[in-house]
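# Close look at the chain arrangement
Chain by chain, the residues run as shown.
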Amino acid sequence: PAGPSGPAGPAGGSLDHCNLNKSSATENINVAYASRVSIGFDNTVSKSSIFTHSTSSNNQKVTVTADGFYHINASIGFDNTGSNRFLGKASIFKNGSEITQTRSSAYNRGSGYGDESNIQINTVLELSNGDYIEIFAWKDDADQTNAVNTITSETQLVITRTSGAAAAAGPA
């Protein structure tokens with residue numbers, strides 16, 4: 001026989017999710033910081049209603065319609081078409097301003113040594129209703145001027161917001 005049931009615990013929270021990638025859009029990121037390139041996402045894998053994003057117009061921007069803490073994971077694959085080294089950087093911009101603490105980089109030695117690399121950004125940001133984010137990429141240093149293009153099958157943006165999650169009680 002089962003014993004008595006205890007009181008109901010607190011209600012759980014929710015997870016809002018946005019997963020974007022590329023189907024055809026590509027960018028040459030072998031440019032100086034002053035000419036940095038916004039990374040566009042022209043394919044929606046999934047998107048909760050708190051995210052606003054267009055795959056055709058301003059496809060580099062994602063706007064949120066709810067306050068919260070957002071886990072942001074960006075992966076920017078790139079192909080160095082030149083035979084010399086390239087050091088790429090990327091960063092998240094919130095409402096048009098760079099959040100320098102999100103800067104990430106990847107080094108590529110040149111097409112003779114493996115021409116593909118990937119820049120990863122993983123962070124948590126507090127965003128408010130109406131805030132938007134963009135990912136920009138550029139060269140930090142390069143010994144060549146050949147194109148360094150984003151790779152459609154290796155570029156993705158995943159954003160999740162956890163809200164109202166029940167917390168466990170601490171020790172007495």
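Quick look at the structure, then. (Residues numbered from 1 in each chain as written. Predicted model: local features only at pLDDT ≥ 70, side-chain atom pairs only at ≥ 80, totals over all residues. Heavy atoms only, no water.)

### Structural notes on the overall build of the chain
Selection rule: Counting from the N terminus, the helices are DSSP H or I runs at least four residues long and the strands are E runs at least two residues long. Based on C-alpha atoms, the radius of gyration is set beside the globule rule, defined as 2.2 Å times the residue count to the power 0.38. For every residue, the accessible area (1.4 Å probe, protein chains only) is compared with the maximum for its type, and the residue is labelled buried under 20%, exposed over 50%, or partly exposed between those bounds. Note on contacts: a residue pair qualifies if any of its non-hydrogen atoms lie within 4.5 Å across the two residues. Computed with a 1.4 Å probe, the accessible areas rest on the Shrake-Rupley method; for each residue, only the protein chains presented here act as cover. Counting rule applied: Lys, Arg positive; Asp, Glu negative; His and chain ends not counted. For the purpose of locating charges, the reference atoms are NZ of Lys, CZ of Arg, CG of Asp and CD of Glu.
Helix and strand content of the chain: zero helices and twelve strands. The N-to-C order of helical and strand elements in the chain reads β-β-β-β-β-β-β-β-β-β-β-β. Its C-alpha atoms give the chain a radius of gyration of 20 Å, more than 25% over the compact-globule value 16 Å for 172 residues. In terms of its C-alpha atoms, the chain occupies a principal-axis envelope of roughly 75 × 35 × 30 Å. Per-residue burial over the chain gives 42% buried out of 172 residues. Looking at the chain alone, contacts between residues at least 24 apart form 75% of all its contacts between residues at least 6 apart. Accessible area of the chain: about 8700 Å², with a carbon and sulfur share of 46%. Placing the 11 positive and 15 negative side-chain charges of the chain at their respective mean positions leaves the two points 4 Å apart.

### Thoughts on the nonpolar core
To keep things clear, this is the line we draw: The nonpolar core is taken to be a set of buried Ala, Val, Leu, Ile, Met, Phe, Trp, Tyr and Cys residues, with the residues joined through side-chain atoms within 4.5 Å.
The biggest cluster of nonpolar side chains holds 31 residues, and the ones touching the most others in it are Phe-51, Tyr-70, Ile-72, Ile-135, Leu-157 and Ile-159. It is strand β6 (residues 68–80) that provides the largest number of residues to this core, a total of five residues. Aside from chain neighbours lying at most four places away, what touches Ile-72 is Ile-92, Ile-121, Asn-122, Thr-123, Leu-125, Ile-133, Leu-157, Val-158 and Ile-159. Judged by nonpolar contacts, the second largest core, of five residues, contains Val-31, Val-37, Phe-93 and Trp-138.

### Quick word on the environment of Ser-117
As a reminder, the rule being used: Pairs of N or O atoms are called polar contacts if they sit within 3.5 Å, as long as, within protein, a hydrogen donor faces a hydrogen acceptor (for residues adjacent in sequence, only side-chain-to-side-chain pairs).
With respect to the secondary-structure elements, Ser-117 resides in strand β10 (residues 116–127). For Ser-117, a relative accessible area of 13% corresponds to the buried category. Along the primary structure Ser-117 and Glu-154 are separated by 37 residues, whereas in three dimensions their C-alpha atoms are 9.4 Å apart. Apart from residues lying up to four places away in sequence, Ser-117 is in contact with Ile-76, Gly-77, Phe-78, Ala-106, Tyr-107 and Asn-108. Here the side chain of Ser-117 touches Tyr-107 through a polar contact of 3.2 Å, landing on its backbone oxygen.

### Overview of the sheet that holds strand β12 (residues 148–163)
Keep this limit in mind: A pair of strands is labelled paired if DSSP reports no fewer than 2 bridges between them. Axis definition: a line fit to C-alpha positions, over the contact stretch in the case of helices; interaxial angles, taken between N-to-C directions, run 0 to 180 degrees.
If you trace the five strands from one edge of the open sheet to the other, you get β3-β1-β12-β6-β10, paired in antiparallel fashion. A single partner strand is all that each edge strand has here, and the edge strands are β3 (43–47) and β10. Taken pair by pair, the neighbouring strands of this sheet meet at an average axis angle of 10°, ignoring direction. With four bridges joining them, strand β1 (residues 14–21) and β3 adopt antiparallel strand pairing. In the sheet register, Asn-21 faces β3, and the bridge partner there is Asn-43.

### What about the packing of aromatic side chains?
Filter applied, for reference: Ring geometry is summarised as follows: Phe, Tyr and Trp rings, the Trp one being its six-membered ring, pair when their centres sit within 6.5 Å, and such pairs are stacked at plane angles under 30 degrees, edge-to-face over 60 and tilted between the two. Only when the NZ atom of a Lys or the CZ atom of an Arg is both within 6 Å of the ring centre and within 35 degrees of the ring normal do we say a charge sits over the ring.
Using the criterion set out here, one finds four aromatic pairs in the structure. Measuring from ring centre to ring centre gives 5.4 Å for Phe-78 and Phe-86, while their planes differ by 70°; the resulting arrangement is edge-to-face. We note that Phe-78, like Phe-86, is buried. Sitting over the face of the ring of Phe-41, Lys-22 holds its NZ or CZ atom 5.9 Å from the ring centroid. Its end group placed over the ring of Tyr-33, Arg-36 keeps NZ or CZ at 4.5 Å from the ring centre.

### Examining the pattern of salt bridges
The criterion, for reference: Between Lys or Arg on one side and Asp or Glu on the other, a salt bridge is scored when a side-chain nitrogen of the former is within 4 Å of a carboxyl oxygen of the latter.
Inspection of the entire model under this criterion finds six salt bridges. With a closest N to O distance of 2.6 Å, Asp-143 and Arg-85 form a salt bridge. Residue Asp-143 is found in the loop between β11 (132–142) and β12, and its partner Arg-85 is found in the loop between β6 and β7 (86–94); the two are separated by 58 residues along the sequence. Residue class for Asp-143 comes out partly exposed when judged on its relative accessible area of 42%. Using a relative accessible area of 26% as the deciding quantity, one classes Arg-85 as partly exposed. Here Lys-94 ties to Asp-131 by a salt bridge, and the two come within 3.9 Å at their closest N and O atoms. With Lys-94 in strand β7 and Asp-131 in the loop between β10 and β11, this residue pair connects regions lying 37 residues apart in the sequence. Look at Lys-94 and you get partly exposed, because its relative accessible area is 27%.

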